[in-house]
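# Structure assessment
Chain residues, written in single-letter form:
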Amino acid sequence: MAYSVLGGTKSALAEKEKTDPAEPSAAEATLPLKKFDIAPGPLDGAIEAYKKATGLTVKIVLPAGTLAGFNASGVVGLYREDEALRLLLDGTGLN
């Protein structure tokens, strides 16, 4: 089972390269959606709300207090965890 999930064959990798990069991969398409209701505002507060909603740890590799200078546009709706984080960071120049 793990072998098929990881796509450990060259043909699977070659086939993936032919697909449209804007479309989610098969693995991404099967990730569960979560409901997010994170209001626009300071990025540090939005990251805390994201961590609470997902139960994930977000590692920040910036000097302490740096996030306070950024604003998040918020995320409301059903999204994959990675997509929601990308939306929170959209427009900040951070990734």
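Starting from 1, residues in each chain are numbered consecutively following that chain's sequence as written. At least 70 in pLDDT is required for a residue's local features to be given in this predicted model, at least 80 for side-chain atom pairs to be given and counted, and no such filter applies to totals for whole chains, interfaces and linings, which use all residues. Note that water and hydrogens are dropped before the side-chain values are worked out from all heavy atoms of the structure.

## So, the overall build of the protein
Quick reminder of the rule: Note on conventions: DSSP H or I runs of at least 4 residues are helices, E runs of at least 2 residues are strands, and numbering of each starts at the N terminus. Think of it in three bands: with a 1.4 Å probe and only protein chains considered, a residue is buried below 20% of the maximum accessible area for its type, exposed above 50%, and partly exposed in between. Contacts are residue-level and defined by heavy atoms, with any inter-residue pair within 4.5 Å sufficient. Calculation of accessible area relied on Shrake-Rupley with a 1.4 Å probe; when residues are assessed, cover is drawn exclusively from the protein chains displayed.
In terms of helices and strands, the protein carries five helices and four strands. Scanning the protein from its N terminus toward the C terminus, one meets helices and strands in the order α-α-α-β-β-α-β-β-α. Buried residues in the protein amount to 19% of all 95 residues. A fraction of 67% describes how many contacts in the protein between residues 6 or more apart in sequence connect residues 24 or more apart. Taken as a whole, the protein presents about 7000 Å² of accessible surface, with 59% of it coming from carbon and sulfur.

## Points about the packing of aromatic side chains
Selection rule: Stacked, edge-to-face and tilted labels apply to pairs of Phe, Tyr and Trp rings (six-membered ring for Trp) whose centres lie within 6.5 Å, assigned for plane angles under 30 degrees, over 60, and everything in between, in that order.
Under the criterion given, the structure shown has one aromatic pair. Both rings, one in Phe 36 and one in Tyr 50, keep their centres 5.9 Å apart while their planes meet at 5°; by these two values the pair is stacked. Separated by 14 residues along the polypeptide, Phe 36 in strand E1 (residues 34–38) and Tyr 50 in helix H4 (residues 43–54) bring together distant segments of the chain. An identical accessibility class is assigned to Phe 36 and Tyr 50; each is buried.

## Points about the nonpolar core
Rules: We call a set of buried Ala, Val, Leu, Ile, Met, Phe, Trp, Tyr and Cys residues a nonpolar core when their side-chain atoms join them within 4.5 Å.
With 13 residues, the main nonpolar core has Phe 36, Ile 38, Leu 43, Ile 47, Tyr 50 and Leu 88 as its most contacted residues. Elements supplying a minimum of two residues to this core: E1, H4 and helix H5 (81–89). Top element by residues in this core is H4. It accounts for four residues. Not counting chain neighbours up to four residues away, the residues in contact with Phe 36 comprise Tyr 50, Ala 53, Thr 54, Val 75, Val 76, Gly 77, Tyr 79, Arg 80, Glu 81 and Ala 84.

## Considerations on the environment of Gly 74
Tracing the backbone through its elements, the reader meets Gly 74 in the loop between strand E3 (71–72) and strand E4 (75–79). Taking the relative accessible area as the measure of exposure, Gly 74 reaches 16% and is therefore buried. Sequence spacing of Gly 74 and Ala 46 is 28 residues, and the spatial spacing of their C-alpha atoms is 7.1 Å. Look past the residues within four positions of Gly 74 in its chain and what remains in contact with it is Ile 38, Ala 39, Pro 40 and Leu 88.

## Structural notes on the pattern of salt bridges
Heads up, the condition is: Any Lys or Arg side-chain nitrogen located within 4 Å of an Asp or Glu carboxyl oxygen qualifies as a salt bridge.
Enumeration over the complete set of coordinates arrives at three salt bridges. One salt bridge connects Lys 34 with Glu 81, and the closest N-O pair in it is separated by 3.0 Å. With a gap of 47 residues between them, Lys 34 in strand E1 and Glu 81 in helix H5 connect regions that are remote in the sequence. Owing to a relative accessible area of 26%, Lys 34 belongs among the partly exposed residues under this scheme. Using a relative accessible area of 23% as the deciding quantity, one classes Glu 81 as partly exposed. The shortest N-O distance in the salt bridge between Lys 51 and Glu 48 comes to 3.1 Å. Residue Lys 51 and its partner Glu 48 are located together in helix H4, separated by three residues, close to a single helical turn. Judged by its relative accessible area of 46%, Glu 48 is partly exposed.

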